Amino acid sequence: MTKNQKNKIAIVGAGYVGLITGACFAEWGNEVICIDKDKDKIEKLKKGISPIYEPGLAEILQKNIRQGRLFFGQDLGQAVKKSEIIFICVGTPSARGGKVDISFIKEAAQEIARNMAISKIIVTKSTVPLGTARNLVAKIISETWKGSFELASNPEFLREGTAVFDFLNPDRVVIGTDSQNVKRILLNLYQKVKCPKIITTPENAEMIKYAANAFLAMKVSFINEIANLCEGVKADVKEIVRGIGLDKRIGSQFFKAGLGWGGSCFPKDVKGFYQLSKDNGYNFRLLRATIEVNNEQKKRIIEKIKNLFPGQKLGNKTIGVLGLAFKGNTDDIRESPAIEITKKLQKLGANIKVYDPKAMPNAQKALPKIKFAKTPYEVAEDADLLVIATEWEEFKKLNWKKIKNLLKKPIIVDGRNLLNPIKMKKLGFYYIGVGRNI
Ligand code: UDX
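Quantities reported herein were computed from a predicted structural model and do not represent experimental measurements.

So, the site of the ligand
Inspection of the region around the ligand gives 19 residues, with Phe 157, Glu 160, Lys 209, Lys 256 and Lys 327 positioned closest. Between an oxygen atom of the ligand and a main-chain N or O atom of Phe 157, the distance comes to 2.7 Å. For the ligand, whose free accessible area comes to 660 Å², the fraction covered by protein is 93%. A per-class count over the shell around the ligand returns nine nonpolar, two polar and eight charged. Shared between two domains, the shell around the ligand holds at least three residues of each, these being domain 1 (8–200) and domain 2 (234–432).

What follows is the structure in structure tokens.
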């Protein structure tokens, strides 16, 4: 294969990772077909409609469909036949007891094997238990296909909300393979990105992904613990982050204290990694603590709210919740702390009104019997307090003077430390953040 050669690529699973990967590979000039079982999703995608809210995605989908490089379908067999490289991007959800459910990976490998006629490169991009590429995928394929094939693990580190940017501008690319041929082809595929490329074994690549997510989740749990301590000793977590973050060994990113981590990856991956460690005879204590702290963080905010009304039940209170997505800039509500908190408050009898710029359609099912407001102002109207549960930038720019006048009591519980406490206090709010003592 010469430099700059374009590849024919099949992507199995058009979820977050698969869709972004497929669209971006097409953007680099490759011919890509994304396969998914979900018929509605595929029909939408064929028309260039993105099934998820992700900045920049619709544009590259439409451009590459128009230019004849990006296709969508349901027939994995056809896609396998036409492609040289097959990326497995199916979900690996949590199974019972926190184990990783790899049934979709197995199904994908079986289907690929049934449709092999010549040698292919099969790459796992989904987050998978250690040894999946070499032991599971390879074994399944060789049970059916007796010819040759090659394997790699190429984990993905993109974040929702900035997924297209992250894919096109990664900090590193990790390629786990034993094959010189695969190494050459995948390096060629990623030649457009200017970042270190780590060539390693499939097992190391699989472990890198889990270790990265575990460390990031631990960083958030760490700063949440510092924030909780700040509340007791009258220190301000934002000042602590400023002070420690300048130490290059520590860094200031991923140090936002708040309601804890959620989303489609951290909760399942951290639990999965903990379970994997246990299954391998290792008790990963830091991971257990990371999970415990995260669970506690959501309970703390409920306690803070209850303490605002000592001796009273929340039954006759109206609580406005701003934000439902698991973080800002996404419509994803999977494992969202905002949803969990809203449900708890509802259970305690409070009358709840919610608003989110993008996540309300996804949240309708998760939150029955809750009033979805059309604007943040409608949420504030006659509420006894306002909770900020997701860090949407647009909440910062609201007319807070107007909100103060709309609220029954000017109380803000800022679960994401989104607002400036000094400004809020000047406006006359009673402001409670996470680890803020100003
Ligand atoms: C994460 C990883 O960052 C990414 O590399 C991996 O591929 C998938 O999982 P994502 O789930 O999109 O990405 O979100 P991320 O931005 O990492 O945030 C995860 C959670 O941590 C969110 O709930 C977020 O609100 C929370 N978080 C993040 C904090 O509470 N504080 C922070 O400082 C950063």
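Some details on the nonpolar core
Within the largest apolar cluster, 51 residues are counted, with the highest numbers of intra-cluster contacts made by Ile 305, Ile 319, Leu 324, Leu 385 and Trp 400. In this structure, Ile 52, Leu 57, Leu 61 and Ala 163 belong to the second largest nonpolar core, which totals 40 residues.

Examining the packing of aromatic side chains
This model, assessed by the stated rule, comprises 15 aromatic pairs. Consider the rings of Trp 28 and Phe 167, whose centres lie 5.6 Å apart with planes at 35°: the pair is tilted. Of this pair, Trp 28 sits in the loop between α1 (16–27) and β2 (31–35) while Phe 167 sits in helix α7 (residues 163–168); the two residues are 139 residues apart in sequence, bridging distant segments of the chain. Phe 167 matches Trp 28 in its accessibility class, with the two residues each being buried. Feature note: the residues Phe 25, Trp 28, Phe 87, Phe 167 and Tyr 190 constitute an aromatic cluster, connected by ring pairs.

Some words on the side chain of Thr 290
Take Thr 290: it is sitting in helix α12 (residues 285–307). Among the polar contacts made by the side chain of Thr 290, one reaches the main-chain carbonyl oxygen of Leu 286 at a distance of 2.7 Å. Those residues in contact with Thr 290 that sit more than four places away from it in its chain are Ala 217, Met 218, Ser 221 and Trp 261.

What to know about the pattern of salt bridges
Here the idea is simple: oppositely charged side chains can pair when their charged atoms come close. By the definition in use, this model includes 30 salt bridges. In this structure, Arg 134 and Glu 203 form a salt bridge, with 2.6 Å as the shortest nitrogen-oxygen distance. Placement of the pair is Arg 134 in helix α6 (residues 132–144) and Glu 203 in helix α9 (residues 202–233), with a sequence separation of 69 residues. Assessed through its relative accessible area of 35%, Arg 134 is described here as partly exposed. By relative accessible area, which is 24% here, Glu 203 ends up partly exposed. Ionic pairing is found between Glu 296 and Lys 299, a salt bridge with its closest N-O pair at 3.6 Å. One end of the pair is Glu 296 and the other is Lys 299, both in helix α12 and three residues apart, which spans about a single turn. Given the relative accessible area of 41%, Lys 299 is considered partly exposed. Shared partners join several salt bridges into a network, and the residues in it are Arg 134, Asp 178 and Glu 203.

Section: empty space enclosed by the protein
Enumeration according to the criterion identifies one cavity of 30 Å³ or more in this entry. Reported here for the largest cavity is a volume of approximately 40 Å³. Around the largest cavity sit Asn 228, Glu 231, Gly 258, Leu 259, Gln 297, Arg 300, Ile 301, Lys 304 and Val 434, which together line it. Contributions of two or more residues to the lining of the largest cavity are made by α9 and α12. The greatest single-element share of the lining of the largest cavity, amounting to four residues, is contributed by α12. When grouped by side-chain class, the residues that make up the lining of the largest cavity number three nonpolar, three polar and three charged.

Observations regarding the pairing of strand β8 (residues 197–200)
By the bridge criterion, four bridges tie strand β7 (residues 173–176) to β8 in an arrangement that is parallel. Each bridged residue has a counterpart across the sheet, and for Val 174 the counterpart in β8 is Ile 198.

Some details on the environment of Leu 322
Counting through the fold element by element, Leu 322 comes out in strand β9 (residues 318–322). Leu 322 sits 57 residues away from Val 379 along the chain, and the two C-alpha atoms are 7.6 Å apart. Not counting chain neighbours up to four residues away, the residues in contact with Leu 322 comprise Tyr 355, Pro 376, Val 379, Leu 386, Val 387, Ile 388, Ala 389, Thr 390, Phe 395, Leu 398 and Trp 400.

What about α1?
Under the 1.5 Å per step criterion, the end-to-end length of α1 is 16 Å for 12 residues, consistent within 8% with the ideal 16 Å. Buried residues dominate α1, accounting for 10 of its 12 residues. What α1 keeps buried is the set Tyr 16, Gly 18, Leu 19, Ile 20, Thr 21, Gly 22, Ala 23, Cys 24, Phe 25 and Ala 26.

Calculation notes
Residues numbered from 1 in each chain as written. Predicted model: local features only at pLDDT ≥ 70, side-chain atom pairs only at ≥ 80, totals over all residues. Heavy atoms only, no water. Near = heavy atom within 4 Å. Polar contact = N/O pair within 3.5 Å; in protein donor to acceptor, adjacent residues only side chain to side chain. Areas by Shrake-Rupley, 256 points an atom, 1.4 Å probe, with all protein chains shown as cover. Nonpolar A, V, L, I, M, F, W, Y, C, P; charged D, E, K, R; others polar. Domains from an automatic or database assignment. Core = buried A, V, L, I, M, F, W, Y, C linked by side-chain atoms within 4.5 Å. Buried < 20%, exposed > 50% of the residue type's maximum accessible area, 1.4 Å probe, protein only. Phe/Tyr/Trp six-rings, centres within 6.5 Å; stacked < 30°, edge-to-face > 60°. Helix = DSSP H or I, 4+ residues; strand = E, 2+ residues; numbered from the N terminus. Contact = heavy atoms within 4.5 Å. Salt bridge = Lys/Arg side-chain N within 4 Å of Asp/Glu carboxyl O. 1 Å grid on protein atoms, 1.4 Å probe; cavity = no way out; pocket = protein on both sides within 12 Å on 5 of 7 lines; lining within 4 Å. Points joined across faces, edges and corners; volume = space filled by probe spheres on them. Pairing = 2+ DSSP bridges. Expected span 1.5 Å × (residues − 1).

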